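# Structural description and commentary
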Amino acid sequence: MSGPVLIGDAMTGGYGAADILHDCTIAVEKGQIAVIVGPNGAGKSTAMKAVFGMLNIREGQVRLNGRDITKLTPQARVAQGMAFVPQTSNIFPSLTVEENLEMGAFLRRDDFRTTMEQVFDLFPILRDKRRQAAGELSGGQRQQVAVGRALMTQPSVLMLDEPTAGVSPIVMDELFDRIIEVARTGISILMVEQNARQALEIADKGYVLVQGRNRFTDTGQALLADPEVRRSFLGG
Amino acid sequence: MDPINAFVLLANFVLVPALAYGSQLALGALGVTLVYGILRFSNFAHGDFMAFGTMVVILTTWVLQAAGIGLGVLPTALLALPVGIVALALYALAAEKLVFGFYRRQRVKPVVLVMASIGVMFVTNGIVRLIIGPGDQRFEDGGRFIFSVREFREWSGLAEGLALRTAQGITIVVALVVMVALFWFLNRTRTGKSMRAFSDNEDLALLSGINPDRVVRVTWILAAALAVVAGTLYGLDKGFRPFTYFQLLLPIFAAAIVGGLGNPMGAIAGGYLVAFSEMTITYAWRRFLGHLLPEGWTPEGLAQILSVDYKFAVSFAILVLVLIFRPTGLFRGKAV
Ligand SMILES: Nc1ncnc2c1ncn2[C@@H]1O[C@H](COP(=O)(O)OP(=O)(O)O)[C@@H](O)[C@H]1O
Ligand SMILES: [Mg+2]
C-alpha cells in the first residue's frame, strides 16, 4: 500500500503561545474521503489550517505525496495541487460567480474554460447565476461557489471545512452527493463536518478530535458502529 | 419670466463649473477609495500626492514650453502628464517601501497606517514647497476658451452668456476617459479582478494564489495616476498652489465617504454631489431669481446661502450628515 496523499503527522502548535493541537494526525488516501468530526472548539479548523500552512506548527510534519511541505506557504501549496475551502468567508462576495471561479484559477496560465464547464456541470445552478454577485446568493449556493472556486485549480487534494454549515438538510444531502461525485473523479477529500453521522457514512476514514488530540481514528463504518463513539459524539 | 436666460446663467455659473470641479473631486476620491478598499486605510497624503504629481507636470510643462513643444490649442500639460504619473508612482512606491510596507508587514491596525500617512503628508508637503515654492503657479496655455461668453451671445442672441473654458472641457472629457478606463481595468482584466478579490477577502485571495505585493504595487500606481490627473486638471482649471491641494483633502474625503469608502462608483457620484452642493449653496441666486420671478419681485439681497469663504463648511456638513445617518455611504461601501 502506498502512503497517504496528504498527511498532517503528529502536529503540535497553535495561534500563539498556547498550543491548540497536541500530537494530532490527520491524513487522506488517494481518491478517498477522510472526515474529521468532534465537538466545537476541538481544533478541527485549526488542524485544517495547520495542514494548509496557515499557522505554524511547533512539532510534526505535513507531507504531500511523501514530500515534506511543512515549510511551504499556503500559496505554494496551492501550486502543488492542494485546495482549501475555509469554514467562513470562503467566497469573494462582490465578485460575480464567474469571477469567483476565475480567481480560483488565478495561478493557471492555460485555458481553464473546460474546468469551469465541469464546475458548472457539477453545480448547474451556478451556471444560471454566473453573472450575479456571489454575496447575493443563498447559503447553499455560496458553498457551491466556494467549492467550485477551490476546484478551479484542478487540485489533487481538496480540503473542506464544514461545507454544509448553515444549509438546509435537503441542500446538505445534495452537497454530500456532489462531494462524493468529486471524490469519484480521483480527487482526495479531507473534510471537517458538524453533521457527524451523515459525514461518517460517506467517509472512508474518520477522525474524532477532542481538545486538539486524536480520540478515535478508524474507517467511517467502524466509527459509526463503535458504541462509545455513538454515545459521546453521535447522540446515541 | 425668462427661463431660458435663467438656465443659461445657471449653466455658466453653476452647472459647468460644478461639472468640472466634480470631475476633479471624483478622480481624487477614486484614488482615495482605491487605497482604502485595497490597502485598508485612509491615505491623508493623497492631497499632497496630487500636489507632488502636479508639480512634476508643471516643471515638465515649463521645460516643454522652453523647447517650443506644445499641443496647439490644447494645454502642454497634457503632454507632461505621463512624466508626472511616472514620478508620483515612483514616489508612492518609495513611500510604500520605506513607510507603509513596514507597518503592513507588522499587520498593524488601519489607524496606525493613517497616522503614518499623515507623516508622509507633511514630508511630501515640505518637498513640494521646497522645490516649487508655496506660491501660485499658472501653467495653462493653448486656447483659453472652447467658446466664450461673447461668442455664445452672438450665436444665441440671448442676454445671458455661457462660456466653456478649455480647462473645463478637457477636465470633463479626460475624467470620463479615465473613469471608463479604470472600470474596464477593474472589471475586465485579470489583475483588476484580482485587486477586487483582494479588497473583498484578503485571506481567500492569498489562498487563491494572488500575490499581495503585486496587488499593493498596482494599487499605488493606479492611485498615483488618478492623483496626478486630478491634480493637473484642477491646476489647469483653477491654478496650482500647494496649500490648496492640501485643503482639497476635505471635499475629496467627503466625496469618497458619501459614496461609500471602497466603492469606485460611489466615489464618482460623491465627487459630483459634493461639487454641486458646494456650488449651489455658495452661489448668489439673485440674478437667477430675477429672471424667473415677476417684475419687481427680485430679492434685495444676494440670495446666497453661504459666502464662498465658507465653501469648506459644505463638505464638512455633508461629511457629518453622512457619518451620522448612513456611515456606509450611499453606495454601501465598507463601514468607516
Ligand atoms: N484565530 C485564532 N486565534 C486564536 N485562537 C483561536 C483562533 N481560532 C480558533 N482559536 C481557538 O482554537 C481552539 C480551536 O478552535 P477551532 O479549531 O476553530 O475549533 P473547531 O473548528 O473544532 O470548532 C478554540 O479554543 C478557539 O478559541
Ligand atoms: Mg471549525
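The paragraphs below set out a description of the structure included in this document.

The rules behind these values
- Residues numbered from 1 in each chain as written.
- Chains lettered and ligands numbered in written order.
- Predicted model: local features only at pLDDT ≥ 70, side-chain atom pairs only at ≥ 80, totals over all residues.
- Heavy atoms only, no water.
- Helix = DSSP H or I, 4+ residues; strand = E, 2+ residues; numbered from the N terminus.
- Buried < 20%, exposed > 50% of the residue type's maximum accessible area, 1.4 Å probe, protein only.
- Polar contact = N/O pair within 3.5 Å; in protein donor to acceptor, adjacent residues only side chain to side chain.
- Contact = heavy atoms within 4.5 Å.
- Donors = N, O, S within 2.8 Å, 3.2 Å for Na, K, Ca; no water.
- Near = heavy atom within 4 Å.
- Areas by Shrake-Rupley, 256 points an atom, 1.4 Å probe, with all protein chains shown as cover.
- Nonpolar A, V, L, I, M, F, W, Y, C, P; charged D, E, K, R; others polar.
- Pairing = 2+ DSSP bridges.

### Observations concerning the side chain of Glu96 of chain B
Residue and element names in this part refer to chain B.
- By the secondary structure assignment, Glu96 is in helix H3 (residues 77-105).
- You can call Glu96 buried: its relative accessible area is 13%.
- A distance of 2.8 Å separates a polar atom in the side chain of Glu96 from a polar atom in the side chain of Trp220.
- Ignoring sequence-local partners within four residues, the contact set of Glu96 consists of Gly101, Phe102, Arg104, Val216 and Trp220.

### Looking at the coordination of the magnesium ion (ligand 2)
Residues and elements named next belong to chain A.
- Distances from the magnesium ion (ligand 2) to its protein donors, namely Ser45 (OG) and Gln87 (OE1), fall within the range 2.0 to 2.2 Å. Within this pair, whereas Ser45 is found in helix H1 (residues 44-51), its partner Gln87 is found in the loop between strand E6 (82-85) and helix H3 (97-104), the two being separated by 42 residues in sequence.
- The exposure class of Gln87 is partly exposed, given its relative accessible area of 31%.

### A short note on the site of ligand 1
All names here are of chain A.
- As a matter of local geometry, ligand 1 sits amid Tyr15, Ile20, Pro39, Asn40, Gly41, Ala42, Gly43, Lys44, Ser45 and Thr46.
- Contacts to ligand 1 include Ser45, whose side-chain N or O atom sits 2.8 Å from an oxygen atom.
- Within the complex, 57% of the 560 Å² of free accessible area of ligand 1 lies under protein.
- Split by residue class, the shell around ligand 1 holds four nonpolar, five polar and one charged.

### Some words on the pairing of strand E10 (residues 213-219) of chain A
All names here are of chain A.
- The sheet contact formed by strand E9 (residues 205-210) and E10 spans six bridges and is antiparallel. Bridge pairing in E10 links Tyr207 to Thr217.
- Between E9 and E10, which pair antiparallel one after the other, the connecting turn spans two residues, and Gln211 there sits at a positive phi close to 50°.

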